[in-house]
Amino acid sequence: MKIDGVASRTIWLEPDGWSVGILDQTMLPHTVVRKTLRTPEDAALAIKTMQVRGAPLIGVTAAYGVALAMRADPSDASLKHALAFLAEQRPTAVNLRWALNDLQATLASLPPKSRAAAAYARAAEIADDDVETCRRIGVNGLRLIQELSNERPGEPVNILTHCNAGWLACVDWGTATSPIYQAHDAGIPVHVWVDETRPRCQGSALTAFELAQHGVPYTLIADNAGGHFMQRDCVDMVIVGTDRVTACGDVANKIGTYLKALAAHDNGVPFYVALPYSTIDWSIERGADIPIEERGADEVLRVQGRLPDGAVASVAISADGTPARNPAFDVTPAKLVTAFITERGVCEASRDGLLSLYPEKKSCAA
Ligand SMILES: CSC[C@H]1O[C@H](OP(=O)(O)O)[C@H](O)[C@@H]1O
C-alpha cells in the first residue's frame, strides 16, 4: 500500500543487502519513522516493543532476525540461540513460532557458511508470500462484501474492524483490510467503523491512518460503542484479524474481540475472521490453551499522543499508584465466528471447515 502516495511495505532489505528496514509503528500516525535493524537483538526489540506488530509481520521480522544472526555468526550455537531468543519476544501470535520453525528447517542441515544467504532468501520468500497470501484473502473476502452490497445497491457496506489487521500488521494488503481495500478499489461503496482498540490504540493510530491513506471512508469509535452501533443496525459485517486459530477454530485476537463477537452474535451481524495459513496452530484444539500475552500496566495507565508543538508524549490518565492489568489478547470461541476468510477460500469456523481448505493437514490436526 502507499504512504503519502509512495508505495511502501512494512519491512524491507536495505540497499546494503544485509540490514533490514522497518516502519517504526510506535510513532504512527504522528510521524513516519523508518528504522534499520542490524542485529538479531534489534529485531527482537522491534517485536517486543511493537515497533513492528501484527502476527504475519512479527513472523517476517523474526525470519530476518535469524538472517542477521547468521550473518554475524552462522554456528549451530548461534542459530539455536537466535531461534530461542526471538521466540520469547511475544507468546500469542503463532506466526512467530511458525516462521522460526521454517528458518530452522531451512538452515539446520546446511553448512554454516551457507546459512546467511539461505536465511535472507527464505525471509524474503516468506515476506513475498505474505503479500500474495493477503491479496488472495482480499479476493475471497471481496465476494462477501459484494453480496451485501448487492442487497442495497449504491449504499455503503458498513464494516466494523477491531485493532489493526491491516497492511501495517503484515507486509502489505493486510488480512481484515484486504477485502476492504479490494472492494473499495472495485468501486463497491464501503465504510469502516474503526475500533480505537485500547490500550495500545492500534485502531486509532494505525487502522485509521492506513484507511485514510487509501481514501477508504471510515469513522473512529470508542471500543465500547461497537455494540451500540450493531444494535442500531449500523454494522453490516465485522471483519477482524487473528494471532492464532486452533485446529477447531477458536480465535485469539486483540483484547476486546470476544466482546465484539458477542455483540455481533446478539444482533445477527456476521462476524468474519481473516487469516493466512501461517496463523493456524494445528497442534492445539482449545482456545483455552493459547498463551495470552500480559503486557505492562503502563499501557493502560498512560496514553501516547502528539502535543501542540508536534512532539509525541505519553501522559498518565489515572492517579499515581493505580493498579492495572493488561491482557493483550482474548479468545473468541469458534461458535461465535460466522466464517474464516483465508487465501484458499471461505470456510466454516471448525476443524472440518479448516481441513476442507487445508486437507494436507489432516494428519497433524490436534
Ligand atoms: C493480521 S494479524 C493482526 C493482529 O495482530 C494484532 O495484535 P498486535 O497489534 O498486538 O500485534 C491484533 O491482534 C490484530 O488483529
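Residues numbered from 1 in each chain as written. Predicted model: local features only at pLDDT ≥ 70, side-chain atom pairs only at ≥ 80, totals over all residues. Heavy atoms only, no water.

Per an unreviewed UniProt entry, the protein chain carries the name Methylthioribose-1-phosphate isomerase and comes from Hyphomicrobium denitrificans. Database annotation for the protein chain, UniProt heading Function (unreviewed entry): "Catalyzes the interconversion of methylthioribose-1-phosphate (MTR-1-P) into methylthioribulose-1-phosphate (MTRu-1-P). Also catalyzes the interconversion of 5-deoxyribose 1-phosphate and 5-deoxyribulose 1-phosphate. Part of a bifunctional DHAP-shunt salvage pathway for SAM by-products." Among the UniProt annotations of the protein chain, the heading Pathway (unreviewed entry) holds the following wording: "Amino-acid biosynthesis; L-methionine biosynthesis via salvage pathway; L-methionine from S-methyl-5-thio-alpha-D-ribose 1-phosphate: step 1/6." (UniProt positions renumbered as here; feature names shortened; annotations may be inferred.)

**Q** How should I be thinking about the confidence of the model for the protein chain in this particular structure?
**A** Detailed reading of the predicted coordinates is not advisable wherever pLDDT falls low. Considering every residue of the protein chain, the mean pLDDT works out to 96; 99% of them sit at 70 or more. Here the prediction assigns the complex a pTM of 0.97, and the interface score ipTM is 0.99. (pLDDT = per-residue confidence, 0-100.)

**Q** Hey, could you run me through the pattern of salt bridges in this one?
**A** Going through the model one piece at a time under the given rule, you end up with 19 salt bridges. Note that Glu132 is salt-bridged to Arg135, the shortest N-O span being 2.7 Å. With Glu132 and Arg135 both in helix 5 (residues 112-151) and three residues apart, the pair spans about one turn of that helix. Between Arg200 and Glu299 there is a salt bridge, with the nearest N and O atoms lying 2.9 Å from each other. Separated by 99 residues along the polypeptide, Arg200 in the loop between strand 7 (190-195) and helix 7 (202-214) and Glu299 in helix 10 (residues 298-301) bring together distant segments of the chain. We classify Glu299 as buried; its relative accessible area is 14%. When salt bridges that share partners are traced, they join Arg90, Arg200, Glu293, Arg295 and Glu299 into one network. (Salt bridge = Lys/Arg side-chain N within 4 Å of Asp/Glu carboxyl O. Helix = DSSP H or I, 4+ residues; strand = E, 2+ residues; numbered from the N terminus. Buried < 20%, exposed > 50% of the residue type's maximum accessible area, 1.4 Å probe, protein only.)

**Q** Sorry if this is basic, but what is going on with the nonpolar core here?
**A** One recurring pattern in soluble globular proteins is that nonpolar side chains are buried together. Ranked by size, the top nonpolar core spans 75 residues in total, and within it Val66, Ile145, Val190, Met237 and Ile239 carry the most contacts. Looking at this core, the element that brings in the most residues is helix 5, giving 13 residues. Counting contributing residues per domain, this core is built from domain 1 (2-129) and domain 2 (137-361), each supplying no fewer than three. Once residues within four sequence positions are removed from consideration, Ile145 is found in contact with Val157, Ile159, Pro179, Ile180, Ala183, Ile188, Val190, Met237 and Ile239. In terms of nonpolar packing, the next biggest core, distinct from the first, is built from 31 residues, Trp193, Ala264, Val273 and Ile280 among them. (Core = buried A, V, L, I, M, F, W, Y, C linked by side-chain atoms within 4.5 Å. Domains from an automatic or database assignment. Contact = heavy atoms within 4.5 Å.)

**Q** Whenever I open this one, the site of the ligand confuses me. Can you help?
**A** Around the ligand sit 18 residues in total, of which Gly54, Arg90, Asp243, Asn253 and Lys254 are the nearest. A distance of 2.7 Å separates an oxygen atom of the ligand from a polar atom in the side chain of Arg90. Within the side chain of Asn253, one N or O atom sits 2.5 Å away from an oxygen atom of the ligand. Contact with the protein chains removes 100% of the 410 Å² of surface that the ligand exposes when unbound. Going through the elements one at a time, helix 2 (55-72) and strand 11 (251-254) are the ones with two or more residues in the shell around the ligand. In terms of domain composition, the shell around the ligand takes at least three residues from each of domain 1 (2-129) and domain 2 (137-361). (Near = heavy atom within 4 Å. Polar contact = N/O pair within 3.5 Å; in protein donor to acceptor, adjacent residues only side chain to side chain. Areas by Shrake-Rupley, 256 points an atom, 1.4 Å probe, with all protein chains shown as cover.)

**Q** Can you walk me through the packing of aromatic side chains in this structure?
**A** If you walk through the whole model with that rule in mind, you get three aromatic pairs. Where Trp98 meets Tyr277, the ring centres are 5.7 Å apart and the plane angle is 80°; that geometry is what we call edge-to-face. Placement of the pair is Trp98 in helix 4 (residues 94-107) and Tyr277 in the loop between strand 12 (271-274) and strand 13 (280-281), with a sequence separation of 179 residues. By relative accessible area, Tyr277 is classed as partly exposed at 28%. Ring centres 4.3 Å apart and planes at 20° place the aromatic pair Trp193 and Phe229 in the stacked group. (Phe/Tyr/Trp six-rings, centres within 6.5 Å; stacked < 30°, edge-to-face > 60°.)

**Q** What is the right way to look at the packing of helix 2 against helix 3 (residues 76-87) in this model?
**A** The description of two helices packed together rests on the angle between their axes and the distance between the axes. Two elements in contact, helix 2 and helix 3, have axes whose closest approach is 10 Å; the angle formed by their N-to-C orientations is 150°. With respect to helix 3, the axis of helix 2 lies roughly antiparallel. Viewed along their axes, helix 2 and helix 3 form a crossing whose handedness is right-handed. Residues Ala62, Gly65, Val66, Ala69 and Met70 of helix 2 pack against Ser78, Leu79, Ala82, Leu83 and Leu86 of helix 3. Class assignment for the residues of the contact of helix 2 with helix 3 results in eight nonpolar, two polar and no charged. (Axes fitted to C-alpha atoms, helices over the stretch in contact; angles between N-to-C directions. Parallel < 35°, antiparallel > 145°, perpendicular 65-115°, else oblique. Left-handed = near helix turned anticlockwise from the far one by under 90°. Nonpolar A, V, L, I, M, F, W, Y, C, P; charged D, E, K, R; others polar.)

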